[in-house]
Amino acid sequence: MSGAATNTRVEMEVLTTKRLILRPLTIDDAPAVQATFPRWEIVRFLDALVPWPYPPDGALRYIGGLALPGIARGEEWHWSLRPRTAVHTLIGAISLRLKPDDNRGFWLDPAWQGQGLMSEACDVITNYWFETLGQSVLRVVKAADNVRSRRMSERSAMRLTGVIEWDFVCGRLTAEEWEITRDEWLAQRG
């Protein structure tokens, strides 16, 4: 059972890193998400709940029907990712959720990958999970074949806790379960 079992109503805020602005996701972000998100290289390792092929109103339905209601219930937190050098450009998204054993998800436009931006976003979001939301453990599930995502977990001192089968957009694959506790997170941050 995840340490994320309790409902936590927290007013979302804009978060920042050295190179990113993380803004709470709004319905106004739907056109930018729709323009950027539906690419195989982005969606293939996401949960099979993501429809594929992605429908023309997929972003609008996701934000309006799932993300915003989850935020309103105090069970989910969703941010758009924007570079500080181009604050009106949505390049990805990152989410936290009180879903047992799978608390964080993200995606990034491939044109912006390989620069360490998602590591920055994950650091600030993981800190938010533990410090602002007061959770005791962060758990994530990822495709074993998703090497970049695995490296991100390793860099943030998460540990592999199990191997399972999981349904992704690209099909049923071996998946890895990773976690880090609040105490471990705080200890590594000094």
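Look above for the structure.
Keep in mind it's a predicted model, so treat the numbers as computed, not measured.

Student: Looking at this structure, I do not really get the overall build of the protein chain. What am I missing?
Tutor: What the protein chain contains, in helices and strands, is six helices and eight strands. N-terminal to C-terminal, the α/β element order of the protein chain is β-β-α-α-α-β-β-β-α-β-α-β-β-α. For the C-alpha atoms alone, the extent of the protein chain along its principal axes is close to 40 × 35 × 35 Å. Looking at the protein chain residue by residue over its 190 residues, the buried ones come to 47%.

Student: What is the right way to look at the sheet that holds strand β6 (residues 137-143) in this model?
Tutor: In a beta sheet, neighbouring strands are held together by backbone hydrogen bonds and run either parallel or antiparallel to one another. With antiparallel pairing, the three strands of this open sheet are ordered in space as β6-β8-β7. The sheet terminates laterally at β6 and β7 (159-168), the two strands that pair on one side only. Between one strand axis and the next, the sheet turns through 25 degrees on average, direction left out of account. Note that β6 and strand β8 (residues 171-181) share seven bridges and pair antiparallel. Among the inter-strand pairings, V137 is bridged to a residue of β8, identified as T181. On the sheet, helix α4 (residues 117-132) packs against β6 and β8 and is oriented at approximately 145 degrees with respect to β6.

Student: In this structure, what is going on with the nonpolar core? I would like to understand it.
Tutor: Soluble globular proteins tend to bury their nonpolar side chains together. Counting 29 residues, the largest nonpolar core has L22, W77, W79, I94 and L96 as its most contacted members. Where this core is concerned, the elements lending two or more residues are β2 (20-24), β3 (76-83), β4 (92-97), α4, β6 and β8. V43, A59, A67 and V169 belong to the second-largest nonpolar core, a separate cluster that totals 15 residues.

Student: I tried to follow the packing of aromatic side chains on my own but got confused; where do I start?
Tutor: Centre distance and the angle of the planes are the two values used to describe a pair of aromatic rings. One pass over the full model with this rule turns up five aromatic pairs. Relative to Y128, the ring of W79 lies with its centre 5.0 Å away and its plane at 85 degrees, an arrangement referred to as edge-to-face. With W79 in strand β3 and Y128 in helix α4, this residue pair connects regions lying 49 residues apart in the sequence. Comparing W79 with Y128 shows no difference in burial state: the two are buried. Taking 6.4 Å as the distance between ring centres and 35 degrees as the angle between the ring planes, the aromatic pair formed by F130 and W185 counts as tilted. You can see F130 sitting in helix α4 and its partner W185 sitting in helix α6 (residues 182-189), a full 55 residues away along the chain. W185 shares its class with F130; the two are buried. Among the aromatic residues, those joined into a ring-pair cluster are F37, Y54 and W107.

Student: Please explain the state of the cysteines as it appears in this structure.
Tutor: Should the sulfur atoms of two cysteines be covalently bonded, the bond is a disulfide. Inspection of every chain in the model, using the stated rule, returns zero disulfides. In this structure C122 is a free cysteine whose sulfur lies 20 Å from that of C170, the closest cysteine sulfur available.

Student: So what exactly am I meant to see when it comes to the environment of L66 here?
Tutor: Relative to the helices and strands, L66 resides in helix α3 (residues 58-72). On the accessibility criterion, L66 (52% relative accessible area) is exposed. C-alpha of L66 to C-alpha of Q135: the two residues are 69 residues apart in sequence and 22 Å apart in space. When near neighbours in sequence (up to four residues on either side) are disregarded, L66 contacts R61 and E76.

What counts and what doesn't
- Residues numbered from 1 in each chain as written.
- Predicted model: local features only at pLDDT ≥ 70, side-chain atom pairs only at ≥ 80, totals over all residues.
- Heavy atoms only, no water.
- Helix = DSSP H or I, 4+ residues; strand = E, 2+ residues; numbered from the N terminus.
- Buried < 20%, exposed > 50% of the residue type's maximum accessible area, 1.4 Å probe, protein only.
- Pairing = 2+ DSSP bridges.
- Axes fitted to C-alpha atoms, helices over the stretch in contact; angles between N-to-C directions.
- Contact = heavy atoms within 4.5 Å.
- Core = buried A, V, L, I, M, F, W, Y, C linked by side-chain atoms within 4.5 Å.
- Phe/Tyr/Trp six-rings, centres within 6.5 Å; stacked < 30°, edge-to-face > 60°.
- Disulfide = S-S within 2.5 Å.

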